[in-house]
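Geometric and topological summary
Chain residues, written in single-letter form:
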Amino acid sequence: MSPDDVHADPTQTRAWQRLALLAATSESTIRELLDEDPDRVKALTHAGARVHLDLSRQRITDDVLRALLDLAVERNVAARRDDMLAGVHINVTEDRAVLHTALRRPAGAPQMVDGTDVTTEVRDVLARMAAFAESVRSGAWLGGTGERITSIVNIGIGGSDLGPAMAHIALEAFSDRSLAFHFVSNVDPTDLVEALRSCDPASTLVIVASKTFTTLETMTNAHAARRWLVESLGDSAVERHFVAVSTNAEKVSEFGIDTANMFGFWDWVGGRYSMDSAIGLSTMIAVGPDGFGQMLAGFHAMDEHFATTPPESNLPLLMGLVAVWNRTFLGIGTTAVLPYSQYLARFPAYLQQLTMESNGKSVRLDGTPVDYETGAIFWGEPGTNGQHSFYQLLHQGTSTVASDIIVVARSENPLTDQQDMLVANALAQAAVLSRGRTPEEVAADGTPAWLVPHKVMPGNRPVSVISIERLDPFSLGALVALYEHSVFVQGAIWGIGSFDQWGVELGKKVAMGILETIEDASAPAFDPATDASIELYRRLR
Ligand code: F6P
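Reading the values: the criteria
- Counting restarts for each chain, with residues numbered from 1 along the sequence as it is written.
- Only residues with pLDDT of 70 or above have their local features reported here, since the model is predicted, and side-chain atom pairs are shown and tallied only from 80 upward, although totals for entire chains, interfaces and linings are computed over all residues.
- Values reported for side chains reflect all heavy atoms of the structure, with hydrogen atoms and water molecules removed beforehand.
- Relative accessibility under 20% of the residue-type maximum defines a buried residue, over 50% an exposed one, and the middle range a partly exposed one, all with a 1.4 Å probe and only protein chains included.
- Helical segments are the DSSP runs of H or I of at least four residues, strand segments are the runs of E of at least two, and each set is numbered from the N terminus.
- Think of it this way: DSSP has to see at least two bridges between two strands before they count as a pair.
- The criterion for an aromatic pair is that two Phe, Tyr or Trp rings (for Trp, the six-membered ring) have centres within 6.5 Å, with stacked assigned to planes under 30 degrees apart, edge-to-face to planes over 60 apart and tilted to the rest.
- The rule is short: NZ of Lys or CZ of Arg within 6 Å of the ring centre and within 35 degrees of the ring normal puts a charge over the ring.
- Interaxial angles span 0 to 180 degrees and are taken between N-to-C directions of axes, which are lines fitted to C-alpha atoms, for helices over the stretch in contact.
- When checking whether two residues touch, look at their non-hydrogen atoms; a contact exists if any pair is within 4.5 Å.
- It suffices for a single heavy atom of a residue to lie within 4 Å of a molecule or strand for the residue to be listed as near it.
- The term polar contact refers here to a pair of N or O atoms within 3.5 Å; inside protein, the definition further demands a hydrogen-donor-capable atom paired with an acceptor-capable atom, and it admits residues adjacent in sequence only when both atoms are side-chain atoms.
- Each accessible area is a Shrake-Rupley result for a 1.4 Å probe, and residues are judged covered by the shown protein chains and nothing else.
- Polar here means any residue outside two lists: the nonpolar Ala, Val, Leu, Ile, Met, Phe, Trp, Tyr, Cys and Pro, and the charged Asp, Glu, Lys and Arg; Gly therefore counts as polar.

Let's talk about the pairing of strand β11 (residues 377–380)
- In β11, alternate side chains face the same way, and those of Phe378 and Gly380 are buried while those of Ile377 and Trp379 on the opposite face are not.
- Judged from the 4 bridges that link them, strand β10 (residues 334–340) and β11 form a sheet pairing that is parallel. Its bridge partner being in β11, Ala336 is matched across the sheet by Trp379.

What to know about the packing of aromatic side chains
- The tally for this structure, following the rule as stated, stands at 15 aromatic pairs.
- Where Trp325 meets Phe329, the ring centres are 5.9 Å apart and the plane angle is 25°; that geometry is what we call stacked. Remark: Phe329 and Trp325 occur in helix α14 (residues 315–329); sequence separation between them is 4 residues, near one turn of the helix. There is no split in this pair, since Trp325 and Phe329 are both buried.
- Ring pairing ties together the aromatic residues Trp16, Trp325, Phe329 and Tyr372, which thus form one cluster.
- Its end group placed over the ring of Phe306, Arg81 keeps NZ or CZ at 5.8 Å from the ring centre.
- The cationic tip of Arg226 hangs over the ring face of Phe255; the distance from NZ or CZ to the ring centre is 5.8 Å.

Some thoughts on the sheet that holds strand β13 (residues 463–470)
- The strand order across the open sheet built from 6 strands is β1-β2-β13-β12-β10-β11, with neighbouring strands paired in mixed fashion. Each edge of the sheet is formed by a strand with only one pairing partner; in this case those strands are β1 (45–48) and β11. Each strand of the sheet is rotated relative to its neighbour by a mean of 20°, with strand direction disregarded.
- Sheet analysis places β1 next to strand β2 (residues 51–57), joined by 4 bridges and oriented antiparallel. Opposite Thr45, over in β2, you have Asp54 as the bridge partner.
- Sitting on the sheet, helix α17 (residues 418–435) is in contact with β2, β10, β12 (401–410) and β13, with an inclination near 155° to β12.

A look at the site of the ligand
- Around the ligand, a shell composed of 14 residues is seen, among which Ser160, Ser210, Lys211, Thr212 and Thr215 lie nearest.
- A distance of 2.7 Å is found between an oxygen atom of the ligand and a backbone nitrogen or oxygen belonging to Lys211.
- One of the side-chain N or O atoms of Thr212 is found 2.6 Å from an oxygen atom in the ligand.
- Taking 390 Å² as the accessible area of the ligand by itself, protein coverage stands at 86%.
- Class assignment of the residues belonging to the shell around the ligand gives a composition of 2 nonpolar, 9 polar and 3 charged.

Remember that the coordinates give geometry; whether it matters functionally is a separate question.
See the structure below:
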């Protein structure tokens with residue numbers, strides 16, 4: 001593919017212009033679309049890698065869908081996908097390949113990157129992780145005083161925390177319950193102190209997870225945890241109680257962790273795409289190497305689906321195109337992720353980094369500014385809890401919010417009819433958000449006229465329903481890969497760089513300067529507002 005294709009302005013494509021026209025002229029509501037076409041649900045529901053995606057409650061007509069698929073062709077999405085899968089340096093601002101898909105390739109499926117088969121190294125690391133995870137699970141790995149490890153503290157932030165923390169909760173039903181896991185990310189000392197409160201240094205393993213091994217929060221917490229350990233067990237205990245997950249062997253040794261206890265990954269794995277790399281060490285300890293292998297198989301099944309399924313039934317492609325339609329053409333600024341599974345409590349937080357750090361960009365790959373909306377704001381909470389909190393705004397507020405409702409059919413904890421109740425609520429919300437309730441329907445219930453406007457539900461809120469049979473390691477992998485590739489599709493359409501994150505860098509640098517001034521009032525001043533805030537903080541602290 002020529003670089004011109006990548007940099008071209010998408011608004012100049014025929015399909016884009018057609019979509020803009022369709023958005024301005026489409027008048028059918030989701031309710032009308034559903035009621036007028038008896039085949040709609042079947043036509044807009046697709047499955048792959050054990051995930052079912054129902055787009056029938058989206059505001060898309062046949063014409064819109066055709067134009068979106070044309071847009072994918074005009075934007076060369078398939079060629080860009082193939083470039084990504086082949087290891088082309090599509091992360092242009094950092095000159096890197098984007099190859100998280102290589103982390104989950106099965107044995108016998110080589111992946112060349114810059115002339116080397118990277119799957120050999122991937123498998124070596126997986127084998128070392130497996131041996132280590134097994135030794136912790138079996139009790140063969142002992143702490144400095146000969147005690148078995150029972151507490152595991154993962155110290156990391158962003159992609160080195162959110163994936164492992166999310167997966168820990170998601171896969172609790174498959175985890176070794178004799179091990180307690182803690183995830184420490186915030187530089188607020190409370191995070192570490194509260195996590196260590198229930199840990200005994202003699203039976204605690206600390207995983208320092210940082211791609212760069214330079215991140216302020218992680219290194220500060222790692223040093224504090226090291227002091228906590230050394231105070232009771234001495235320096236010599238560090239090698240039995242600290243392991244590292246990183247790409248930076250030099251910094252790992254400088255910290256005092258033997259590189260024999262370091263599990264590596266590579267610059268072609270972005271932080272937010274790394275939960276299936278060594279960053280998932282805590283996940284592997286929790287669910288065992290087999291469980292981790294099943295998770296990788298789920299990721300890979302979705303990768304294969306994305307790479308080989310025709311566009312009309314390709315889940316990540318359709319999901320990504322619908323996201324572009326909602327965000328750019330319908331002007332819907334936010335997507336609520338509403339998993340009807342308590343085990344997916346941290347899934348919305350995980351997706352916030354995946355989606356917003358990837359597609360929160362306002363210049364194209366060649367640096368030219370976009371003049372259309374890109375990445376939506378993602379947020380959410382599990383249902384049914386959210387129903388008793390923010391759903392009021394989803395139903396009757398003045399902003400339109402798109403929703404992803406995630407349904408898990410089989411509970412790992414069946415209790416009477418609670419699972420049926422949970423799913424009934426998920427489907428009720430999908431129906432009410434998309435179809436609404438008209439004044440006539442409200443009045444027909446005998447509601448007095450003055451109360452009718454308060455009870456009307458505008459509806460027409462776009463909803464995707466994503467269903468899986470069970471939340472097991474395979475399906476979790478497939479679900480995450482679905483979102484990863486949807487994010488890729490959106491970025492490819494918008495022509496932005498989904499794999500860098502320059503926007504988070506400046507804040508880190510400025511914070512270091514402010515820290516200096518907080519500690520030494522004679523250090524450089526900033527702007528008037530910041531200086532006043534520093535002064536107030538110095539007085540209050
Ligand atoms: O804050 C941005 C970021 O670079 C994320 O992209 C990344 O996941 C996180 O920081 C943590 O980085 P590291 O793993 O290098 O500590």
